[in-house]
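Spelled out, the chains give:
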Amino acid sequence: MSEAAELRKIRICRWCLGRLHSSDAGSVEAVGSKIASELGIGTDDAGCQLCGGMFSRLGELVEGALDGLAGLELRSFYVSVSVPFEMREAEDELRSRLRLRGGLSAKRLAIRMISREIERRLGVPASPRNPDAILEFTPEGLRAISLMPMYLEGRYVKPAEEPAGGPGGLEGEVTRSLAAALAADEVRMIWLGTDFEGIEVAGRGRPFLAKVLGARRRISWPRALGGALGDRVLSLRALGDPRAVSGLAGRRAYDVVLVEAEAPSAPEDLDSRLRALEGSEIRCGGGSPRRVARALGRAEGGYLIALICVEHGVDPRLLPECVAGGGRASRALVLDVVEDCAGYPLGWYAAGLKKDNFPGAPVRAWPDASGAGLSGGSSSTSRTPSGSARPSSTTPS
């Protein structure tokens, strides 16, 4: 049976007739019209059995999507099209009878045409990688708009008396401010570590992640946030690739802790004890063993002050007893949270304390700014942590 005879058995539009013979999305309509004329067959744009008339109503589909996107700030989007099984089956049978290969499927052509028109109207690129919104279409029209989660990475500081978690603490303050700034449905905090009760966090702060659901303001949110978080959140940026979230949440973190306590009973052994600790693991106050990467300290006049870089998870107030044989810390302060203590020499923090880079930190019995006079491991200041010890304001990026 001839191609014309086969095509007269079904209702087919110009676009579907063209895409059966051409892979050029921009020319399928013209190709279909030409083939219909050459074969002497009619076309039915609205009643096409292969696309449900979807291509003849492309403008209507796009307008529906633009209405649904009104009021949203997008950096990118992605179009998804679902073609019913019976339409795909009818096309497969037709291709088999006509022995046609290549061309474009109805789904692929619809995605290209709808994406191109929305790009032109909004000035926003279509991208399958990390889109802000997914537009789901069927031949009947727009089925749904799904806003993808946003992830923000930041660092926070807090005084000892304030809890980090809970609606009344820093968590509540951050989630409320971010939800308002991003015009979001919900903000969930993903803590990269836990602060023990009564522990102050200073310096560059402790890292955290925020998962933002239903965000409608995805571009201008830093301006909308303004100074709502004051100097509590020192840095904040949107993660460009959500796949980085699992890596951030699972990475090992070390706390650089400054502690004050009563001096150990044998202060003359402090140096050897601290040196022996470096690279070892301690079990302090229960829980899993935690690695001590660096330790510096000084005992003088019945008083101990120490800088310790320890794997996160240890209550800093117990460190003097665990690592130096002293009493429970009367003051504990997290100066920084790092991934690798080797690149962050404790002598740099000692110098920073003398220069008052860590407001509120105790400097009792502290040595000179070079780090001289500290017992224990490395006090070199040949490398310094990137970024300032305490930025003056929140800088979303």
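These numbers were taken from a predicted model, which means no experiment stands behind them.

**Re the overall build of the chain**
Okay, so step 1: Along its length, the chain carries twelve helices and 13 strands.
Okay, so step 2: The buried share of the chain, taken over its 397 residues, is 48%.
Okay, so step 3: Of the contacts made within the chain by residues no fewer than 6 positions apart, 75% connect residues no fewer than 24 positions apart.
Okay, so step 4: On the chain, roughly 17,800 Å² of surface is accessible, and the fraction owed to carbon and sulfur atoms is 46%.

**Structural notes on a negative patch on the surface**
Okay, so step 1: There is a patch of like negative charges on the surface, built from Glu86, Glu89, Asp92 and Glu93.
Okay, so step 2: Within the fold, Glu86 resides in helix H5 (residues 85–98).

**A word on the pairing of strand E3 (residues 141–147)**
Okay, so step 1: Across six bridges, strand E2 (residues 133–138) lies against E3 in antiparallel orientation. By the bridge assignment, Phe137 is partnered in E3 with Leu142.
Okay, so step 2: The antiparallel hairpin formed by E2 and E3 contains two residues in its connecting segment.

**Thoughts on the pattern of salt bridges**
Okay, so step 1: Counted according to the given criterion, the structure contains 21 salt bridges.
Okay, so step 2: The partner of Glu91 in a salt bridge is Arg19, and the shortest N-O contact between them spans 2.6 Å. Remark: Arg19 occurs in helix H2 (residues 14–19) and Glu91 occurs in helix H5; sequence separation between them is 72 residues. Each member of the pair, Glu91 together with Arg19, is buried.

**Describing the packing of aromatic side chains**
Okay, so step 1: In the structure shown here, the tally under the stated rule is one aromatic pair.
Okay, so step 2: With centroids separated by 6.1 Å and ring planes inclined at 45 degrees, the aromatic side chains of Tyr156 and Phe208 adopt a geometry described as tilted. Placement of the pair is Tyr156 in strand E4 (residues 150–158) and Phe208 in strand E6 (residues 200–213), with a sequence separation of 52 residues. We note that Tyr156, like Phe208, is buried.
Okay, so step 3: Its end group placed over the ring of Trp15, Arg14 keeps NZ or CZ at 4.7 Å from the ring centre.

**Quick word on the sheet that holds E3**
Okay, so step 1: Reading across from one edge, E1-E2-E3 is the order of the three strands in this open sheet, with mixed pairing throughout. Two strands lie at the open edges of the sheet, namely strand E1 (77–81) and E3, each paired on one side alone. Within the sheet, the average angular offset between the axes of one strand and its neighbour, ignoring direction, is 20 degrees.

**Some details on unusual backbone geometry**
Okay, so step 1: In this structure, Arg99 takes a positive phi of about 55 degrees despite not being glycine.
Okay, so step 2: Within the fold, Arg99 resides in the loop between H5 and helix H6 (106–122).
Okay, so step 3: Within the chain, Asn130 stands out as a residue other than glycine whose phi angle is a positive 55 degrees.
Okay, so step 4: Examined against the element boundaries, Asn130 turns out to sit in the loop between H6 and E2.

**Quick notes on the pairing of E4**
Okay, so step 1: Buried residues dominate E4, accounting for nine of its nine residues.
Okay, so step 2: Alternating positions in E4 separate into two faces, Met150, Leu152, Gly154, Tyr156 and Lys158 on one and Tyr151, Glu153, Arg155 and Val157 on the other, with burial throughout.
Okay, so step 3: Relative to E6, E4 is paired through eight bridges, and the arrangement is antiparallel. Across the sheet, the residue bridging to Arg155 is Pro207, located in E6.
Okay, so step 4: Taken together, the five bridges between E4 and strand E7 (residues 233–238) define a ladder with antiparallel strand orientation. Looking at the pairing, Tyr156 lines up with Val233 of E7.

Rules and cut-offs
- Residues numbered from 1 in each chain as written.
- Predicted model: local features only at pLDDT ≥ 70, side-chain atom pairs only at ≥ 80, totals over all residues.
- Heavy atoms only, no water.
- Helix = DSSP H or I, 4+ residues; strand = E, 2+ residues; numbered from the N terminus.
- Buried < 20%, exposed > 50% of the residue type's maximum accessible area, 1.4 Å probe, protein only.
- Contact = heavy atoms within 4.5 Å.
- Areas by Shrake-Rupley, 256 points an atom, 1.4 Å probe, with all protein chains shown as cover.
- Patch = residues over 30% accessible without salt bridge, like charges linked within 9 Å, V, L, I, M, F, W, Y side chains within 5 Å.
- Salt bridge = Lys/Arg side-chain N within 4 Å of Asp/Glu carboxyl O.
- Lys, Arg positive; Asp, Glu negative; His and termini not counted.
- Charge placed at Lys NZ, Arg CZ, Asp CG, Glu CD.
- Pairing = 2+ DSSP bridges.
- Phe/Tyr/Trp six-rings, centres within 6.5 Å; stacked < 30°, edge-to-face > 60°.
- Lys NZ or Arg CZ within 6 Å of the ring centre and 35° of its normal.
- Axes fitted to C-alpha atoms, helices over the stretch in contact; angles between N-to-C directions.

What is shown is where atoms sit, not what they do.
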